[in-house]
Amino acid sequence: MAGLEDLYREIILDHYRNPRNRGELPVPPAHRTEGFNPLCGDEIVVYLSVTDGIVEDLRIGGQGCSISQSSASMMSAAVKGKTTAEARRTIATFKSMMSIHESTLDTSAGLASDPEIPEGVSSEDSGLDEDPSDELRPPSEAELTALGDLAALQGVVKFPVRIKCATLSWNTLAQGLDEIATSA
Amino acid sequence: MAGLEDLYREIILDHYRNPRNRGELPVPPAHRTEGFNPLCGDEIVVYLSVTDGIVEDLRIGGQGCSISQSSASMMSAAVKGKTTAEARRTIATFKSMMSIHESTLDTSAGLASDPEIPEGVSSEDSGLDEDPSDELRPPSEAELTALGDLAALQGVVKFPVRIKCATLSWNTLAQGLDEIATSA
Amino acid sequence: MNTFDVAAIKADFPILQRCFNGRKIVYLDSAASSQRPEAVLDAMDTYYRTTHANVHRGVYAIAEEATRLFEEARHAYGRFVGAPDPAHEVVFTKNATEAVNLVAGTWGRANLGPGDHIVLTEMEHHANLVPWLMLSEQKGFSIRYIPVDRSGWLDLSDIDALLDGAKLLGVTLVSNVLGTLNPVAELAALAHAQGALVLADGAQFVPHMATSVTALGCDFLVATGHKMLGPTGIGMLWARRALLEEMPPFLGGGEMIRDVRLDGFTPNEVPWKFEAGTPPIAEAVGLAAALSYLEGLGMDAVRAHEIALTGYAMDALQHAYGDEIVLFGPDGPSNRGGVLSFAFKDLHPHDISQVLDAEGVCIRAGHHCAKPLMRKLDVSATARASFYVYNDEQDVEALVKALGKADELFGIG
Amino acid sequence: MNTFDVAAIKADFPILQRCFNGRKIVYLDSAASSQRPEAVLDAMDTYYRTTHANVHRGVYAIAEEATRLFEEARHAYGRFVGAPDPAHEVVFTKNATEAVNLVAGTWGRANLGPGDHIVLTEMEHHANLVPWLMLSEQKGFSIRYIPVDRSGWLDLSDIDALLDGAKLLGVTLVSNVLGTLNPVAELAALAHAQGALVLADGAQFVPHMATSVTALGCDFLVATGHKMLGPTGIGMLWARRALLEEMPPFLGGGEMIRDVRLDGFTPNEVPWKFEAGTPPIAEAVGLAAALSYLEGLGMDAVRAHEIALTGYAMDALQHAYGDEIVLFGPDGPSNRGGVLSFAFKDLHPHDISQVLDAEGVCIRAGHHCAKPLMRKLDVSATARASFYVYNDEQDVEALVKALGKADELFGIG
Ligand SMILES: Cc1ncc(COP(=O)(O)O)c(C=O)c1O
Ligand SMILES: Cc1ncc(COP(=O)(O)O)c(C=O)c1O
Ligand code: FES
Ligand code: FES
């Protein structure tokens, strides 16, 4: 059974208590994107300032649980100063970490568990509305290392209802980058 | 457990095989009333010729199961030549026999039975649409004797779904008498 | 193909072990509702004993587990009928009837109006008639019917005219009275050529043979849990995801929304958009166990057994009673499901069923919720025996023998 | 009044005996869904093992018995809520949500149009909001809302103006978020004086206290089986018989008809007119067992226990955390049901619930299907503990203690 320490790692709590890049940017020139988690009603706002393909600055607004707040904080630290291409790669890596195969999970939490979990049911598919085309392969060692602090969020996959919390800001960032790309 | 012999008494089978007063009467002067059993889709037609308050003649048409056919046949024999008041009394007695208390029934038929059958739930109330004002007291000995052959139909109450079969022609007769009374 | 050990299967069904008057029950009414194996009862009982909580949104472990089991049941049913996107194309309802009403009340309400017509068949169950009759009263479209011919087949001689300009074809895959296995794939191709959508009523089909919505070519498929070894209280609608996305919501309430304000609401994603309020959770768990059980037997083996047993029964009845028994529906067991309606001498179906009951044989007598078909057959009711995985030749023999008793009792001598 | 032996009651609930990490589960989410005692599980299991068949029309013994059990469950629920005509005034649905949709889709569709208005409250569950929002989009009537004041009561200062000319008042008997016990009898008198009908949402009331539809003075009452020790998959609508008779049918299909022709149909008598298709049979059997269980405890005792335990919890939480905990809803446990929503420091409800789960304490975090009320309270979610017959002071202590753990984990110091 997954323990709380898998979810609330020290580094996560640290980002929750001391969120990085929290605040707003003036719009315009910055770009503002809202993300909404229908499961709980929480909302995240990502302010993006992209110049010459570089994420020069970004800020996080909105409110949510510790997982969503710390994930957003780590994300901001991870992509700030990166090129948009690098940011997208980080998003992809992070999301693949979050949509790891159900079979590697122990969601049964000590309860009667069905041995016949259908192949290819990602935990996100269970009641959530994630794009089914999301890459489902687990991230490689190298990718995990590259994620740095973010790898601490790996424990979230053991708590399927909280995955949306962790991915909320990332989906919002991805949407923001898309919007900037198409409006450019 | 109620056996078939409770339902299909010899006298019932006799009326089924040799129905009395089967046929039609010319309308007018006779009165024609249709009865419909929604549970099975069967239909009975009662032709009534009433003069000076006497049921001078009646005929039975339509089709249905052995219980409905024999009940109609016995009914025709029982009320033919009687006054309408006597006919109504016979109807009332017959219907009280048919709406005997559930608690006197053994519908459990060897199955797990709920000891807490609510007081006053007549078997007819179970899924059927009988008028709830129907008298529910069981008929007295004297009344049963007065019913003669008809008392053979008493076994039907042990087969709740068939009660409608037995009462179909009687309800139709009652309706016919009402129609004649109001049109007079 | 798997071999079929009916004795072992029968032993899995507790109710079939019960004795009435010293005899085991002979249950020949699975077309009305099937029985359930231990595995299904255990799955539901275990669920309630270990895991129950309301699904979706709960953060604690048993709520997560309940949600997982519920969504896996959806997925399992989707795979069972060959859905291209099993996680998003299955809506749980309370029964097959609600599933048809859902299609009528959402797709139908949005797309049918005066001047439009839909096509149904004369052999539809009330579940696939009344919702359309009700909607047509409100919306003013018309309904055309594919007739049934004397041998129990759909009469397709006017099919082009009937389908010309139609918006929907609603057709049962197997008639619950005649047993007729309708050529739905062919009909669907014709309907699609006219731009009509196809709703297939699988209540008597999905439990009995391998189902592929893509092979059938239908757009909607309805079925019901209690006829396929599952519990009461759950029905299933499969529809193409794109269709579901377009359809307005059906019932309103919790779970089916994304947001609610005092002046309006935003619906949820499919399929949850169509599931208002607490869904049949334990029932979904039971259904999943039923699907596993059926998959364990192998649906091809289930069908082969059904054909063999139906053929055996048709032969046995005709052998015993010749012209005195009339079997409704097509000749040839492979043309039909495991449903056998018959008329026996001039005995009334309810009398037959009553006498059979005393012999421990359960069959159904009545109009089988197909009144228009009864009128067509010119009967008020039929007697109907129906077979499933737990029935065997002895059950058929018991039926044949019990009919003899009915004959004795009512016969003139 | 009966005395209440919670230890004995707890022992009747298998799931409450399960251990997680060496601790028995502390289940404080009965407002979302209750657990079931052995007696209910046994009743359903026994039904499936001995008696199952489809109800109505079957002539054989188990079909008759199934019908009898099903109709007796209807009768039992009717008596449970004090229905004047228990056999004809109870409609089984799949949940409370469908019951509201039924009223909206039949009575509402027939009686509401442009220029009309209905009155709801700001504290309604989505189940009693969305069906009306959906219908108002189609029919063009308007909806007025009785506001909720800062202490969690309905603000009745404008009630006369709100009800003036209204066609319906829809109000929850107990708020599933605030716990508020609304003065429905008084409101019903005011509504009736204006000629409005009254729909009472009893989902959080009927399971918890003696219910009399005549004393409440409502015209419609909805409730749901899974919140009152019964199974999922069954909900209940009670309505005055005369009203049911007038209402057009809801869903179409088998059982709800008297006759069907290719060009129309005649509906069945009430209440069957509203039950299309195979109903939740085993679920009704389970519900009847749940009602017996509750009657065995005595509903006055159930209520007394709830008041006592809620009061104990309010005191314990305030004693332990003072200003750091905010309890939503009215003061005084006798003004409320056994539902306690709270905010704790600045911790997010989902984080609270997650930590509590690790301590074996199940509470709900979220909007509780009452988004408009969340906006009014200016929160996106609350944490909610809710109590039922099997909860005791130790469960409350576990909650208090587990909140301390959450504080430790997230606290800055
Ligand atoms: C006040 C209230 N009304 C209605 C409902 C809906 O019940 P169900 O989901 O069983 O339809 C609920 C339960 O969530 C409730 O709390
Ligand atoms: C062909 C057909 N369609 C639909 C139904 C309706 O199923 P349910 O009563 O479970 O809604 C039935 C079962 O009676 C059926 O045989
Ligand atoms: S609970 Fe809302 S984002 Fe985590
Ligand atoms: S079965 Fe129709 S009247 Fe008896």
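Since we're looking at a predicted model, the values are computed, not measured. (Residues numbered from 1 in each chain as written. Chains lettered and ligands numbered in written order. Predicted model: local features only at pLDDT ≥ 70, side-chain atom pairs only at ≥ 80, totals over all residues. Heavy atoms only, no water.)

1. As for the overall build of chain A
Then step 1. Broken down by element type, chain A carries six helices and three strands.
Then step 2. Of the regular secondary structure in chain A, the N- to C-terminal order runs α-α-β-β-β-α-α-α-α.
Then step 3. The burial tally for chain A puts 55% of its 184 residues in the buried class.
Then step 4. Put simply, 71% of the contacts in chain A that link residues at least 6 apart link residues at least 24 apart.
Then step 5. Of the roughly 7,500 Å² of accessible surface on chain A, a fraction of 51% belongs to carbon and sulfur atoms. (Helix = DSSP H or I, 4+ residues; strand = E, 2+ residues; numbered from the N terminus. Buried < 20%, exposed > 50% of the residue type's maximum accessible area, 1.4 Å probe, protein only. Contact = heavy atoms within 4.5 Å. Areas by Shrake-Rupley, 256 points an atom, 1.4 Å probe, with all protein chains shown as cover.)

2. Description of the packing of helix α3 (residues 61–80) of chain D against helix α10 (residues 281–297) of chain D
All names here are of chain D.
Then step 1. It is the contact of α3 with α10, at a shortest axis distance of 8 Å, that shows an interaxial angle of 40°. Between α3 and α10, the crossing angle belongs to the class labelled oblique. For the crossing formed where α3 meets α10, the hand is left-handed. The residues of α10 that touch α3, namely those facing L69, F70, A73, A76, Y77 and F80, are I281, A284, V285, L287, A288, L291, L294 and E295. (Axes fitted to C-alpha atoms, helices over the stretch in contact; angles between N-to-C directions. Parallel < 35°, antiparallel > 145°, perpendicular 65-115°, else oblique. Left-handed = near helix turned anticlockwise from the far one by under 90°.)

3. Notes on the packing of aromatic side chains
Then step 1. If you walk through the whole model with that rule in mind, you get 22 aromatic pairs over all chains.
Then step 2. Ring plane angle 80° and centroid distance 5.7 Å describe the contact between Y16(A) and F410(D), whose orientation is recorded as edge-to-face. Taken as a pair, Y16(A) in helix α2 (residues 10–17) and F410(D) in helix α14 (residues 393–410) lie in two separate chains rather than in one.
Then step 3. Classification of F410(D) as buried rests on a relative accessible area of 3%.
Then step 4. Ring geometry for F13(C) against Y293(C): centres 5.8 Å apart, planes inclined by 90°, an arrangement best described as edge-to-face. One end of the pair, F13(C), is in the loop between α1 (6–11) and β1 (19–20); the other, Y293(C), is in helix α10 (residues 281–297), and 280 residues separate them in sequence. (Phe/Tyr/Trp six-rings, centres within 6.5 Å; stacked < 30°, edge-to-face > 60°.)

4. Looking at the interface of chain C and chain D
Then step 1. Chain C puts 93 residues into the contact, and the matching count from chain D is 93 residues.
Then step 2. One salt bridge in this structure joins R375(C) and D259(D), with 2.7 Å as the shortest N-O distance.
Then step 3. For the pair chain C and chain D, the interface holds 46 residue pairs in polar contact (both at pLDDT 80 or more).
Then step 4. The dominant element in the side of chain C that touches chain D, judged by the number of residues it contributes, is helix α2 (residues 38–50) of chain C, at eight residues. (Salt bridge = Lys/Arg side-chain N within 4 Å of Asp/Glu carboxyl O. Polar contact = N/O pair within 3.5 Å; in protein donor to acceptor, adjacent residues only side chain to side chain.)

5. Some remarks on the pattern of salt bridges
Then step 1. Applying the stated criterion across every chain, the model contains 63 salt bridges over all chains.
Then step 2. Across the salt bridge formed by E10(B) and R17(B), the nearest N and O atoms sit 3.6 Å from each other.
Then step 3. For R17(B), a relative accessible area of 25% gives the class partly exposed.
Then step 4. Note that D395(D) and K10(D) form a salt bridge whose closest N and O atoms lie 2.7 Å from each other. Here K10(D) lies in helix α1 (residues 6–11) and D395(D) lies in helix α14, a separation of 385 residues in the sequence. The pair formed by D395(D) and K10(D) is uniform in burial state, with each residue classed as buried.
Then step 5. Among the ionic contacts, a cluster of salt bridges with common partners joins D57(A), R59(A) and K80(A).

6. Describing the relation of the copies chain C and chain D
Then step 1. Rotating chain C by 180° and moving it 0.0 Å along the rotation axis overlays it on chain D with an RMSD of 0.0 Å. Both copies are brought into coincidence by an operation consistent with a two-fold rotation axis. It is G233(C) whose C-alpha, among those of chain C, lies nearest the rotation axis, at 2.7 Å. (Least-squares fit on C-alpha atoms with pLDDT ≥ 70 in both.)

7. Examining the site of ligand 2
Then step 1. Around ligand 2 sit 15 residues in total, of which T97(C), D201(C), Q204(C), K227(C) and T278(D) are the nearest.
Then step 2. Among the chains of the assembly, those with residues near ligand 2 are chains C and D.
Then step 3. Measuring from an oxygen atom of ligand 2, one finds a side-chain N or O atom of K227(C) at 2.7 Å.
Then step 4. A distance of 2.6 Å is found between an oxygen atom of ligand 2 and a side-chain nitrogen or oxygen belonging to T278(D).
Then step 5. Considered on its own, ligand 2 offers 390 Å² of accessible surface; in the complex 95% of this is hidden by protein. (Near = heavy atom within 4 Å.)

8. As for the environment of I257(D)
Then step 1. Along the chain, the position of I257(D) falls in strand β11 (residues 257–261).
Then step 2. For I257(D), a relative accessible area of 4% puts it in the buried group.
Then step 3. Every residue in contact with I257(D), bar those within four places of it in the chain, is listed here: H126(C), V130(C), F265(D), T266(D), P267(D) and N268(D).

9. Overview of the domain arrangement of chain C
All names here are of chain C.
Then step 1. Examined at the domain level, chain C breaks down into domain 1 (6–30 + 298–410) and domain 2 (41–295).
Then step 2. If you average the C-alpha positions of domain 1 and of domain 2, the two centres end up 28 Å apart.
Then step 3. Counting residues at the interface gives 35 residues for domain 1 and 33 residues for domain 2.
Then step 4. Between domain 1 and domain 2, the buried area comes to about 2,600 Å², and carbon and sulfur atoms account for 61% of it.
Then step 5. The largest contributions to the domain 1 side of the interface with domain 2 come from M299, L373 and Y388, which together make up 25% of the buried area. (Domains from an automatic or database assignment. Buried area = accessible area lost by both parts, 1.4 Å probe.)

10. Describing the site of ligand 1
Then step 1. Of all residues adjacent to ligand 1, which total 15 residues, the nearest are T278(C), T97(D), D201(D), Q204(D) and K227(D).
Then step 2. In the environment of ligand 1, a nitrogen atom lies 2.5 Å from a nitrogen or oxygen atom belonging to the side chain of D201(D).
Then step 3. In the environment of ligand 1, an oxygen atom lies 2.6 Å from a nitrogen or oxygen atom belonging to the side chain of Q204(D).
Then step 4. Protein contacts shield 95% of the accessible area of ligand 1, which totals 400 Å² for the unbound molecule.
Then step 5. For the shell around ligand 1, the class distribution of residues is three nonpolar, ten polar and two charged. (Nonpolar A, V, L, I, M, F, W, Y, C, P; charged D, E, K, R; others polar.)

11. Observations regarding the confidence of the model for chain A
All names here are of chain A.
Then step 1. Here chain A averages 78 in pLDDT, and 74% of its residues register 70 or above.
Then step 2. The weakest mean pLDDT in chain A belongs to helix α5 (residues 141–147) at 70; the strongest belongs to strand β3 (residues 54–63) at 95.
Then step 3. Across residues 101–136, confidence stays below pLDDT 50; counting only partners more than four residues off in sequence or on other chains, it has 86 contacts. (pLDDT = per-residue confidence, 0-100.)

12. Focus: the nonpolar core
Grouped burial of nonpolar side chains is what soluble globular proteins tend to show.
Then step 1. Core analysis: the largest hydrophobic core is formed by 171 residues, its most contacted members being Y77(C) and Y77(D).
Then step 2. The residues contacting Y77(C), other than those within four sequence positions of it, are V90(C), V206(C), L221(C), A223(C), M228(C), M236(C), L287(C) and L291(C).
Then step 3. Core analysis: the next-biggest nonpolar cluster, separate from the first, contains 78 residues, L237(C), I257(C), V103(D) and F141(D) among them. (Core = buried A, V, L, I, M, F, W, Y, C linked by side-chain atoms within 4.5 Å.)

13. Concerning the arrangement of the chains
Then step 1. Contacts are most numerous between chains C and D, taken over all five pairs of chains that touch.
Then step 2. With no contact between them, chain A and chain B keep their nearest C-alpha atoms 30 Å apart.

14. Examining the confidence of the model for chain C
Then step 1. Model confidence for chain C is summarised by a mean pLDDT of 96, while 99% of its residues fall at 70 or above.
Then step 2. Of the two predicted TM-score estimates for the complex, the pTM is 0.92 and the ipTM is 0.89.

15. Concerning the pairing of strand β7 (residues 168–172) of chain D
Residue and element names in this part refer to chain D.
Then step 1. Most of β7 sits out of view: five of its five residues are buried.
Then step 2. Residues L168, G170 and T172 of β7 are buried on one face, and the alternating residues L169 and V171, pointing to the opposite face, are buried as well.
Then step 3. Alignment of strand β5 (residues 117–121) against β7, held across two bridges, turns out to be parallel. Within β7, the residue paired with V119 across the bridge is L169.
Then step 4. Bridge analysis of β7 against strand β8 (residues 197–201) gives five bridges, and the strand direction is parallel. Note that in β8 the partner of L169 across the bridge is V198.
Then step 5. In terms of handedness, the path from β7 via helix α7 (residues 184–193) over to β8 forms a crossover that is right-handed. (Pairing = 2+ DSSP bridges. Right-handed = clockwise from strand over helix to strand, strands pointing away.)

16. Looking at the sheet that holds strand β14 (residues 339–344) of chain C
All names here are of chain C.
Then step 1. What the four strands build is an open sheet, ordered β13-β14-β17-β16; its pairing is antiparallel. Two strands close off the open sheet at either side, each with one partner strand: β13 (325–327) and β16 (364–366). Between one strand and the next, the sheet's axes are offset by a mean angle of 30°, whatever the strand orientation.
Then step 2. Examined bridge by bridge, β13 and β14 share three bridges and lie antiparallel to one another. Bridge pairing in β14 places L327 opposite F342.

17. Brief notes about the side chain of E359(C)
Then step 1. Relative to the elements of secondary structure, E359(C) occurs in the loop between α12 (349–358) and β15 (361–362).
Then step 2. Note on E359(C): relative accessible area 18%, which makes it buried.

18. What to know about the sheet that holds strand β9 (residues 220–224) of chain D
All names here are of chain D.
Then step 1. With mixed pairing, seven strands are arranged side by side in an open sheet as β4-β10-β9-β8-β7-β5-β6. For this open sheet the edge positions go to β4 (90–93) and β6 (142–146), each flanked by a neighbour on one side alone. Strand after strand, the sheet turns through a mean of 20° between neighbouring axes, direction not considered.
Then step 2. When β4 meets strand β10 (residues 235–239), the two strands line up antiparallel, connected through four bridges. Counted as the bridge partner of T93 is G235 from β10.
Then step 3. Lying on the sheet, α3 is in contact with β4, β9 and β10; it crosses β4 at an angle near 115°.
Then step 4. Across the sheet, α7 touches β7 and β8, and the angle it forms with β7 is around 170°.

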